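Below are the chains, spelled out letter by letter.
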Amino acid sequence: MDKFQKVVSTGVPLPIEDIDTDQIIPARFLKATTRDGFGDNLFRDWRYRQDGTPKSDFVLNSERFEGQVLVAGRNFGCGSSREHAAWSIHDYGFRAVVSSFFADIFKGNALNNGLLPVQVSDGFLSGLLTAIEKDPATEITIDLVNQNISYLNAHENFDVNPYKKECLINGYDDIDYLISLKQEIEAYEASSIVI
């Protein structure tokens, strides 16, 4: 995985509550077993008409908004457990999703796949969405090391699982993390040998 320490980027506003995993990546696109290409179908039914032409009023089709941070409404990633939802968001180019609440399974899947879910207060989220709508060039800074998110003069701390934080900062998946502990594991095994 790519290392994640700090992202400074503009954001893409999606102020819709209760976005579920089938809206993020519809079930009909879950046939592949690798992570590549899922970004093409991120929010497929919201982005495209049935004939495949883009819907000009959907935010991902707008030239006004771009960036590595998706700023979404409350209760993001609810619905079925679908790792592909995190894959599609990351494959599209987002490094983080900001919301005031995440479904637990989505949060875990995101952290396991290099995508940082940043949970903020309702007030902070509302202010951020307003700032982006007013000025799409608004910069958002997400500092994972210090667990802080900021824009303009507003800032807020966020929680993250310490183990997953270490994995993201170092670009580790679970296996990489174990490999990084190889010397400690070998030392423990050597000290634990009973004859």
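Just so it is clear, the model here is predicted, and its values are computed rather than measured. Every chain is numbered on its own, with residues counted from 1 as its sequence reads. Local features are withheld for residues below a pLDDT of 70 in this predicted model, meaning they are given only at 70 or higher, and side-chain atom pairs are given and counted only at 80 or more; totals for whole chains, interfaces and linings count all residues. Hydrogen atoms and water are omitted, and side-chain values are computed over all heavy atoms in the structure.

### Remarks on unusual backbone geometry
Next up, step 1: Positive phi, normally seen in glycine, also occurs at Asn-75, with a value near 65°.
Next up, step 2: Following the sequence through the fold, Asn-75 ends up in the loop between β3 (69-72) and α3 (83-92).
Next up, step 3: One non-glycine residue, Leu-152, lies in the positive phi region at around 45°.
Next up, step 4: With respect to the helices, strands and loops of the structure, Leu-152 is situated in the loop between β7 (148-151) and β8 (154-157). Numbering of helices and strands starts at the N terminus; helices are DSSP runs of H or I of at least 4 residues and strands are runs of E of at least 2.

### Some thoughts on the pattern of salt bridges
Next up, step 1: In what follows, salt bridge is the name for a side-chain nitrogen of Lys or Arg lying within 4 Å of a carboxyl oxygen of Asp or Glu. Scanning all chains against the criterion turns up three salt bridges.
Next up, step 2: With a closest N to O distance of 2.9 Å, Asp-22 and Arg-82 form a salt bridge. Remark: Arg-82 occurs in the loop between β3 and α3 and Asp-22 occurs in helix α1 (residues 21-24); sequence separation between them is 60 residues.
Next up, step 3: Under the relative-accessibility criterion, Asp-22 is labelled partly exposed at 37%.
Next up, step 4: For each residue, the accessible area found with a 1.4 Å probe, counting protein chains only, is set against the maximum for its type, and the residue is called buried under 20%, exposed over 50%, and partly exposed in between. Take Arg-82: its relative accessible area is 11%, and that puts it in the buried class.
Next up, step 5: For Asp-122, the salt bridge is made with Arg-74, and the minimal N-O distance between the two is 3.4 Å. Residue Asp-122 is located in helix α5 (residues 122-134), and its partner Arg-74 is located in the loop between β3 and α3; the two are separated by 48 residues in the primary sequence.

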